[in-house]
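# Structure assessment
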Amino acid sequence: MERIIKSMEDPYLLPSLELVEDVFTKWDSPEEGKAVRRLVEEIRTKKYYIPELELIMVNEKDEIIGYAMFSRFHIEGRYENELLILTPVAVKTELQRQHISKELLEYGFERAKALGFKAILVEGDPRNYNPRGFEASYKFGIKAGPNVKLPHPDCLMVKELERGALNRISGFVDYSFYETLREG
């Protein structure tokens, strides 16, 4: 199967939302699928959106099989030109465990670094992100704020794109500037 990674383009805007909603519905619930779709729609309208870092992978039929969005993120109003958040990542359910997300993320890391970003934050299962170089963020002084509910502190992770970048980035993570995340 041929795989091509692209930055978001107009013809893929709706199909990417459908993929994200479908993957999260199958993984969790219809409510989760709709919530993640709304989050992507909301990020696309914010100043934090970076079209070059909304990535898709398509197959030889030009169907979207994978998706990853990196967008600007700030901690306590700082670092938005240095820090990205990775959310969401979705791979067509029947194609998971075939390195699609790995390829998307590695490509995204290179693009982000080339654009001058220094670090990436992600919330998720450490087993999925530790192999990509993410470490628990609290080890670097980046902690979940009081409104961020984590199943475990290790679920908030960070990755340096530039050595030493995390020596000067710290604070409490808060998602309140995203309306979608305040609802849940």
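Structure's up top.
Since we're looking at a predicted model, the values are computed, not measured. (Residues numbered from 1 in each chain as written. Predicted model: local features only at pLDDT ≥ 70, side-chain atom pairs only at ≥ 80, totals over all residues. Heavy atoms only, no water.)

## What to know about the nonpolar core
With 36 residues, the main nonpolar core has Tyr67, Phe73, Ile75, Leu121, Ile142 and Val173 as its most contacted residues. Put simply, the parts of the chain that give this core at least two residues each are helix H1 (13–27), helix H2 (30–45), strand S2 (54–58), strand S3 (64–72), strand S4 (83–91), strand S5 (119–123) and strand S8 (156–160). Broken down by element, the residue count for this core peaks at 5 residues, all from H1. In this structure, Leu55, Met57, Leu84 and Val122 belong to the second largest nonpolar core, which totals 24 residues. (Core = buried A, V, L, I, M, F, W, Y, C linked by side-chain atoms within 4.5 Å. Buried < 20%, exposed > 50% of the residue type's maximum accessible area, 1.4 Å probe, protein only. Helix = DSSP H or I, 4+ residues; strand = E, 2+ residues; numbered from the N terminus.)

## Let's talk about helix H3 (residues 100–114)
With 15 residues, H3 should cover 21 Å at 1.5 Å per step; its first-to-last C-alpha distance of 21 Å lies within 8% of that length. Turning to H3, its buried residues are Ile100, Leu104, Leu105, Gly108, Phe109 and Ala112. Each buried residue of H3 lies within a common arc of 160 degrees when the element is viewed along its axis, so the set occupies one face. Opposite its buried face, H3 presents the exposed residues Glu110 and Ala114, each directed more than 90 degrees away. A positive backbone phi angle near 95 degrees is found at Gly116, which sits one or two residues after H3. (Expected span 1.5 Å × (residues − 1). Arc of directions from axis to C-beta.)

## A few points about the pattern of salt bridges
Oppositely charged side chains can pair when the atoms bearing their charge come close. One pass over the structure, following the stated rule, counts 16 salt bridges. A salt bridge links Lys46 to Glu42, with the nearest nitrogen and oxygen atoms 3.3 Å apart. By relative accessible area, which is 27% here, Lys46 ends up partly exposed. The salt bridge partner of Glu76 is Arg78, with a shortest N-O separation of 3.4 Å. What makes Glu76 partly exposed here is its relative accessible area of 46%. Taking relative accessible area as the criterion, Arg78 reaches 35% and is therefore assigned partly exposed. One salt-bridge network, held together by shared partners, links Glu21, Lys34, Arg37 and Glu41. (Salt bridge = Lys/Arg side-chain N within 4 Å of Asp/Glu carboxyl O.)

## Description of H2
Under the 1.5 Å per step criterion, the end-to-end length of H2 is 23 Å for 16 residues, consistent within 8% with the ideal 22 Å. Where H2 is concerned, the buried positions are Gly33, Val36, Arg37, Leu39, Val40, Glu42, Ile43 and Arg44.

## Thoughts on the packing of aromatic side chains
Considering all chains together, one arrives at 7 aromatic pairs under this definition. Geometrically, the ring pair formed by Tyr129 and Phe134 is edge-to-face, given 5.7 Å between the ring centres and 85 degrees between the ring planes. Residue Tyr129 shares its accessibility class with Phe134, and that shared class is buried. Just above the ring of Phe109 sits the side chain of Lys159; from NZ or CZ to the centre is 4.6 Å. (Phe/Tyr/Trp six-rings, centres within 6.5 Å; stacked < 30°, edge-to-face > 60°. Lys NZ or Arg CZ within 6 Å of the ring centre and 35° of its normal.)

## Some thoughts on the pairing of S3
Of all 9 residues making up S3, 8 are buried, and the element is well covered by its neighbours. As paired strands, S2 and S3 are joined by 5 bridges and run antiparallel to one another. Following the sheet pairing, Glu54 is matched in S3 by Met69. Linkage of S2 to S3, two consecutive antiparallel strands, is achieved through a turn of 5 residues, within which Asp62 is found at a positive phi near 65 degrees. (Pairing = 2+ DSSP bridges.)

## Observations regarding the environment of Ser176
Of note, Ser176 is situated in the loop between strand S9 (171–173) and helix H5 (179–183). Put simply, Ser176 and Asn147 are 29 residues apart on the chain and 8.2 Å apart in space, counted from C-alpha to C-alpha. In this structure the side chain of Ser176 is engaged in a polar contact, spanning 2.8 Å, whose partner is the side chain of Asp174. (Polar contact = N/O pair within 3.5 Å; in protein donor to acceptor, adjacent residues only side chain to side chain.)

## Quick word on the layout of surface pockets
As a volume, the largest pocket reaches approximately 1700 Å³. When residues of the lining of the largest pocket are traced back to their parent elements, those giving at least two are H1, H2, S4, H3, S5, helix H4 (126–129) and H5. When residues of the lining of the largest pocket are assigned to their parent elements, the largest contribution, 7 residues, is made by S4. Grouping the constituent residues of the lining of the largest pocket by class yields 22 nonpolar, 12 polar and 13 charged. (1 Å grid on protein atoms, 1.4 Å probe; cavity = no way out; pocket = protein on both sides within 12 Å on 5 of 7 lines; lining within 4 Å. Points joined across faces, edges and corners; volume = space filled by probe spheres on them. Nonpolar A, V, L, I, M, F, W, Y, C, P; charged D, E, K, R; others polar.)

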